[in-house]
Amino acid sequence: MIEVDHLLLGDVAVFDTDRSLSGQEGETYRSAEAAGQADTFPARLAAALFEVTPSLTSVYVFSNTVSVRRFGGWTDDLLTAISDTIRRSLAFYEDDS
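The rules behind these values
- Residue numbering note: each chain is counted from 1, following its sequence as written.
- Where local features are concerned, this predicted model is filtered to residues with pLDDT of at least 70; where side-chain atom pairs are given and counted, the filter is 80 or more; whole-chain, interface and lining totals use all residues.
- The basis for every side-chain value is the complete set of non-hydrogen atoms in the structure, without hydrogens or water.
- Secondary structure follows DSSP: runs of H or I at least 4 residues long count as helices, runs of E at least 2 residues long count as strands, and numbering of each begins at the N terminus.
- The globule rule is 2.2 Å times the number of residues to the power 0.38, and the radius of gyration it is compared with is taken over C-alpha atoms.
- Type-normalised accessible area, obtained with a 1.4 Å probe on protein chains alone, sets the label of each residue: buried when under 20%, exposed when over 50%, and partly exposed for intermediate values.
- Contacts between residues were defined by any pair of non-hydrogen atoms, one from each residue, lying within 4.5 Å.
- The Shrake-Rupley method, run with a 1.4 Å probe sphere, supplies the accessible areas, and residue values consider only the shown protein chains as cover.
- Under the convention used here, Asp and Glu are negative, Lys and Arg are positive, and both His and the chain ends fall outside the count.
- We put the charge of a Lys on NZ, of an Arg on CZ, of an Asp on CG and of a Glu on CD.
- Between any two strands, at least two bridges found by DSSP are needed for them to pair.
- One less than the residue count of a helix, multiplied by 1.5 Å, gives the span that helix is expected to have.
- Lines fitted to the C-alpha atoms define the axes, with helices restricted to the stretch that makes contact. Angles between their N-to-C directions range from 0 to 180 degrees.

(A) Inspection of the overall build of the chain at higher detail. When you go through the chain residue by residue, the secondary structure sums to three helices and five strands. Helices and strands in the chain line up, N terminus first, as β-β-β-α-α-β-β-α. Radius of gyration (C-alpha) of the chain: 12 Å, near the 13 Å computed for a compact globule of 97 residues. Residues counted as buried form 38% of the 97 residues belonging to the chain. Of all intrachain contacts in the chain linking residues separated by at least 6 positions in sequence, the fraction that spans at least 24 positions is 57%. Put simply, the chain shows about 5,800 Å² of open surface, and 50% of that area lies on carbon and sulfur atoms. Here the chain contributes 7 positive and 16 negative side-chain charges, whose respective centroids are spaced 4 Å apart.

The structure is reproduced here in structure tokens:
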């Protein structure tokens, strides 16, 4: 099971995983279009996160963390949807149970 925890810092939710997501250089994306122009795992993850909700303004992927900015606050449902998207992006095999 892939662990994903989060911490809220104002408009930014920081998701911490127990897997490495990128190298030591972080990647920032401010739109799904920008993420779609790169062919890296962080770019594909950012594109998937922008699909969860159009209200995201920034996705930053660095090492084992994903920082997501959204104006207007966070709901529990949205935090869960982002966590699930991160978790699924890291899963090589889907859990059929």
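(B) Looking closely at the pairing of strand E5 (residues 65-70). Of all six residues that make up E5, five are buried, and the element is covered over most of its length. With five bridges joining them, strand E2 (residues 12-17) and E5 adopt antiparallel strand pairing. Within E5, the residue paired with Asp16 across the bridge is Thr65. Bridge count between strand E4 (residues 56-62) and E5: six bridges; the pairing is antiparallel. Residue pairing across strands places Phe62 opposite Thr65, the latter belonging to E5. Linking two consecutive strands that pair antiparallel, namely E4 and E5, is a turn of two residues; a positive phi of about 55° is found at Ser63 within it.

(C) Up close: helix H2 (residues 41-52). Its twelve residues give H2 an end-to-end C-alpha distance of 17 Å, which sits within 8% of 16 Å, the value for a rise of 1.5 Å per residue. Among all positions of H2, only Pro42, Ala43, Leu45, Ala46, Ala47, Leu49 and Phe50 are buried. Lining the buried residues of H2 we find strand E3 (27-29), helix H1 (32-36), E4, E5 and helix H3 (76-90).

(D) Representation of the sheet that holds E4 within the structure. Read from one edge to the other, the open sheet built from five strands follows the order E1-E2-E5-E4-E3, with strand pairing classed as antiparallel. The open sheet terminates on both sides in strands that have one partner only, identified here as strand E1 (4-9) and E3. Strand after strand, the sheet turns through a mean of 15° between neighbouring axes, direction not considered. Note: E1 against E2, six bridges, orientation antiparallel. Its bridge partner lying in E2, Leu8 is registered against Ala13.

(E) Quick look at the side chain of Arg70. Summarising the element assignment, Arg70 is placed in strand E5. Beyond its immediate chain neighbours, meaning those up to four positions away, Arg70 contacts Asp11, Thr53, Ser55, Leu56, Thr57 and Leu78.

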